[in-house]
Amino acid sequence: MSAAPRGRRRSTAAAIAVTAAVTTSAALLLSACGPEDTTDATDGASPTATGPSTTASASTGGAGSGSGKGASGSGGSPAPVNGTARGGLTISDGTRYVVMNGTRVDFGTEVRDLAWSRDGSKAAFVDGDGDLAVSNADGSGRVIAARNPGGQTWSHPTWLLRADDPANGEPGADRIVFAVRGGGASRLVSVDASARDATPQPLPLNHASGEDVPDLPQTGNVWPNAGGSHGTSVYANEDTGDVYIRDDYLRQQGFDLAKGSEPALGPDQGGDNGEIVFVRSVGGHDHLFVEHSGDNGPTYRDITPNATTDYTEPAWSPEGRTIAARTPRGVVTLTADGSQPPVLTSGYHGLPAYRPS
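The model shown is predicted, which means the values in this text are computed figures rather than measured ones. (Residues numbered from 1 in each chain as written. Predicted model: local features only at pLDDT ≥ 70, side-chain atom pairs only at ≥ 80, totals over all residues. Heavy atoms only, no water.)

We now examine the sheet that holds strand 5 (residues 112-116). Pairing is antiparallel across the open sheet formed by 4 strands, whose spatial order is 5-6-7-8. Looking at which strands have only one partner, the edges of the open sheet turn out to be strand 5 and strand 8 (143-146). Averaged over all pairs of adjacent strands, the angle between their axes in this sheet comes to 30°, without regard to strand direction. Examined bridge by bridge, strand 6 (residues 122-126) and strand 7 (residues 132-136) share 5 bridges and lie antiparallel to one another. Looking at strand 7, one finds that A124 is bridged to V134. (Pairing = 2+ DSSP bridges. Helix = DSSP H or I, 4+ residues; strand = E, 2+ residues; numbered from the N terminus. Axes fitted to C-alpha atoms, helices over the stretch in contact; angles between N-to-C directions.)

What follows deals with unusual backbone geometry. Of note in the backbone geometry, D113 takes a positive phi value of approximately 60° without being a glycine. Of note, the phi angle at E313 is positive, near 50°, even though the residue is not glycine. By secondary structure assignment, the location of E313 is in strand 21 (residues 312-316).

Let's shift gears to the sheet that holds strand 3 (residues 97-100). Sheet strands pair via backbone hydrogen bonds, and the direction of the pair is either parallel or antiparallel. Strand order in the open sheet made by the 4 strands is 4-3-2-25, with antiparallel pairing throughout. The open sheet has two free edges, formed respectively by strand 4 (103-106) and strand 25 (351-354), since each of these has just one partner strand. With direction set aside, neighbouring strand axes in the sheet form an average angle of 30°. Taken together, the 4 bridges between strand 2 (residues 89-92) and strand 25 define a ladder with antiparallel strand orientation. Bridge assignment links L89 to a residue of strand 25, and that residue is Y354.

With that settled, the discussion passes to the pairing of strand 15 (residues 242-247). For strand 15, a buried count of 6 out of 6 residues is recorded, marking the element as mostly surrounded by other parts of the structure. Side chains of strand 15 alternate between two faces, with D242, Y244 and R246 and V243, I245 and D247 buried alike. Taken together, the 5 bridges between strand 14 (residues 232-237) and strand 15 define a ladder with antiparallel strand orientation. By the bridge assignment, T232 is partnered in strand 15 with D247. Sheet topology note: the strand 15/strand 16 (residues 253-259) ladder contains 6 bridges and is antiparallel. Among the inter-strand pairings, Y244 is bridged to a residue of strand 16, identified as D256. (Buried < 20%, exposed > 50% of the residue type's maximum accessible area, 1.4 Å probe, protein only.)

This part covers the pattern of salt bridges. Under the defined criterion, the tally for this structure stands at 8 salt bridges. The partner of K259 in a salt bridge is D242, and the shortest N-O contact between them spans 3.2 Å. Of the two residues, K259 is situated in strand 16 and D242 in strand 15; the sequence distance between them amounts to 17 residues. Under the relative-accessibility criterion, K259 is labelled partly exposed at 43%. The partner of R246 in a salt bridge is D248, and the shortest N-O contact between them spans 3.9 Å. Given the relative accessible area of 17%, D248 is considered buried. (Salt bridge = Lys/Arg side-chain N within 4 Å of Asp/Glu carboxyl O.)

The next subject is the environment of G88. Within the secondary structure, G88 sits in the loop between helix 3 (68-72) and strand 2. A sequence separation of 266 residues divides G88 from Y354, and the C-alpha atoms of the two residues are 5.1 Å apart. If sequence neighbours within four positions are ignored, G88 has contacts with A353, Y354 and R355. (Contact = heavy atoms within 4.5 Å.)

Structure, rendered in structure tokens:
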């Protein structure tokens with residue numbers, strides 16, 4: 001069983017399973033929601049603040065809740081537009097406050113690159129000490145899943161799930177994958193999602209079987225993002241400038257997909273892997289492209305064709321209809337098919353992510 005190479009349709013989990021059943025001996029050998037307070041991003045209106053301005057907590061109301069400063073922002077300036085009350089959008093910016101639920105929640109430590117478990121009950125992030133932390137959705141119950149030994153920069157954790165497959169003798173997996181930069185190189189590693197003070201293990205990166213292509217690069221890999229329930233993830237490589245897809249179902253295999261960076265994998269679609277959104281520079285600005293799989297191969301659509309600003313760090317909504325992205329003015333949302341223009345959803349700046357409900 002091999003994943004479809006670049007230029008062909010990506011294999012579905014169902015097709016892989018059928019092939020596995022037919023080629024049993026080989027398998028054994030291989031063991032293998034519209035946001036509130038939105039503004040059109042192109043209408044010229046600009047938020048009056050560029051970062052967090054209140055200290056409100058979703059659970060306590062916050063010290064500034066109800067006060068003039070808390071309501072209006074630092075120095076009496078109006079607070080940024082905050083459209084996170086519905087839809088599950090969250091924003092982390094490296095401070096201890098996460099913008100979510102229409103307010104700002106104090107996680108008790110710096111939060112970088114916040115990612116949510118598939119049921120939305122847990123958050124994974126890089127904390128103020130550079131460690132990989134896992135907490136409840138409100139920041140409570142924080143544990144250190146893996147401790148940074150020093151001299152490294154950790155980034156972009158993501159939950160990688162693989163469902164139990166008794167028919168093919170494949171146990172399930174629930175791991176957190178992230179990027180580690182150290183010694184002049186960046187690599188992808190993983191730990192068990194329930195780990196405590198674990199030592200991260202290198203993430204295997206092998207190309208699809210039967211492919212007459214060079215081995216996949218083991219360094220320069222950044223920005224992992226996983227989706228679905230069959231161990232599928234995407235990531236980018238700084239050296240090649242490519243986006244890669246990795247399949248961990250029955251056996252690990254992967255291939256390069258397209259030129260781009262900062263990829264995000266959408267939710268499963270009827271048993272198929274989700275669509276992929278990524279960033280690509282066009283005409284001096286960063287645009288968002290969505291990859292669609294088809295019988296005649298993948299196609300790539302620019303969903304920000306008239307961009308006059310940079311759209312970066314995209315994230316999929318849980319139902320797959322909306323994409324959030326970072327811009328110099330804040331976080332925007334737009335339809336995944338590009339049928340509607342980007343809308344400024346929050347004037348807060350940071351990494352957007354969606355918490356499933």
